[in-house]
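Read off the chains here:
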Amino acid sequence: MEKYLALLRQSGADLARVIDPKTVATAPWVAFKCQYGCPYYGKNLCCPPRTPAWRETQAMLDCFDTAILFRCHDITAASPLALEAVRRLFRDGYYKATALGSGPCLLCEACDPAGCRHPGQAVPSMEACGIDVFATARANGMAVATLADETQQQNCFGLVLVE
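Anyway, here's the lowdown on the structure attached to this text. Keep in mind that what you see is a predicted model, and the values were worked out from it rather than measured.

Criteria and cut-off values
- Residues numbered from 1 in each chain as written.
- Predicted model: local features only at pLDDT ≥ 70, side-chain atom pairs only at ≥ 80, totals over all residues.
- Heavy atoms only, no water.
- Helix = DSSP H or I, 4+ residues; strand = E, 2+ residues; numbered from the N terminus.
- Rg over C-alpha atoms; globule rule 2.2 N^0.38 Å.
- Buried < 20%, exposed > 50% of the residue type's maximum accessible area, 1.4 Å probe, protein only.
- Contact = heavy atoms within 4.5 Å.
- Areas by Shrake-Rupley, 256 points an atom, 1.4 Å probe, with all protein chains shown as cover.
- Lys, Arg positive; Asp, Glu negative; His and termini not counted.
- Charge placed at Lys NZ, Arg CZ, Asp CG, Glu CD.
- Phe/Tyr/Trp six-rings, centres within 6.5 Å; stacked < 30°, edge-to-face > 60°.
- Lys NZ or Arg CZ within 6 Å of the ring centre and 35° of its normal.
- Pairing = 2+ DSSP bridges.

Here we take up the overall build of the chain. Counting secondary structure elements, the chain contains five helices and four strands. Starting at the N terminus, the α and β elements of the chain follow one another as α-β-α-α-β-α-β-α-β. Radius of gyration (C-alpha) of the chain: 15 Å, near the 15 Å computed for a compact globule of 163 residues. Its C-alpha atoms give the chain principal-axis dimensions of about 40 × 40 × 30 Å. Expressed as a percentage of the 163 residues in the chain, the buried residues total 40%. Considering only intrachain contacts with a sequence separation of at least 6, the fraction spanning at least 24 residues in the chain is 77%. By element, 55% of the accessible surface of the chain is carried by carbon and sulfur atoms, the whole surface being about 8,700 Å². Counting 15 positive and 16 negative side-chain charges, the chain places the averaged centre of each group 1 Å from the other.

Below, the structure is given as structure tokens:
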């Protein structure tokens, strides 16, 4: 896994750790927060209600033995980093490798309701799938806090699931 941790670090992640998927926290309140607080809710194919609910995500997490949690500070970087790691893992024989990013999909100005225009690049976020990112980061020794204002550095997390 060190090869993939190095890839993530060289590509913009300041932290990347192999974790146990059992430490990834899911909760029903996460989608509620998306529904009542995010302007992308229902407008993006990678956002709720079009993403797996927290129970589906938990069932998926239970299919994996290993995961990589990483942090970067650019909202546009986490999803592409997770996707690139998954591509490399797949080529190396990890056929179940799955990526989850951070924040809404920003590939298009507006989603096409008929289907994704960039299916090879679009990645749902951890939070869109019901993952409590704060609890997950903290359970794995990564510092994360709410931002007091827009000038503070963002913490954006990605998750790569590996068999």
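A few words now on the packing of aromatic side chains. Going through the model one piece at a time under the given rule, you end up with two aromatic pairs. Summarising the aromatic geometry, the rings of Y4 and Y94 are spaced 6.2 Å apart at their centres and angled 85° between planes, so their arrangement reads as edge-to-face. Taken together, the residues Y4 in helix α1 (residues 2-10) and Y94 in the loop between α4 (78-91) and β3 (98-100) connect sequence positions 90 residues apart. Residue classification places Y94 among the partly exposed residues on the basis of a relative accessible area of 28%. The ring of F64 carries K96 above its face, with NZ or CZ at 5.0 Å from the centroid.

Excluding glycine, most residues fall at negative phi; most peptide bonds, likewise, are trans. The omega angle of the peptide bond from P48 to P49 is 5°, so this bond is cis rather than trans. Relative to the helices and strands, P49 resides in the loop between α2 (29-35) and α3 (54-61).

Burial runs high along strand β2 (residues 66-72): six of the seven residues are buried. Alignment of strand β1 (residues 15-19) against β2, held across five bridges, turns out to be antiparallel. Bridged to I19 within β2 is A67.

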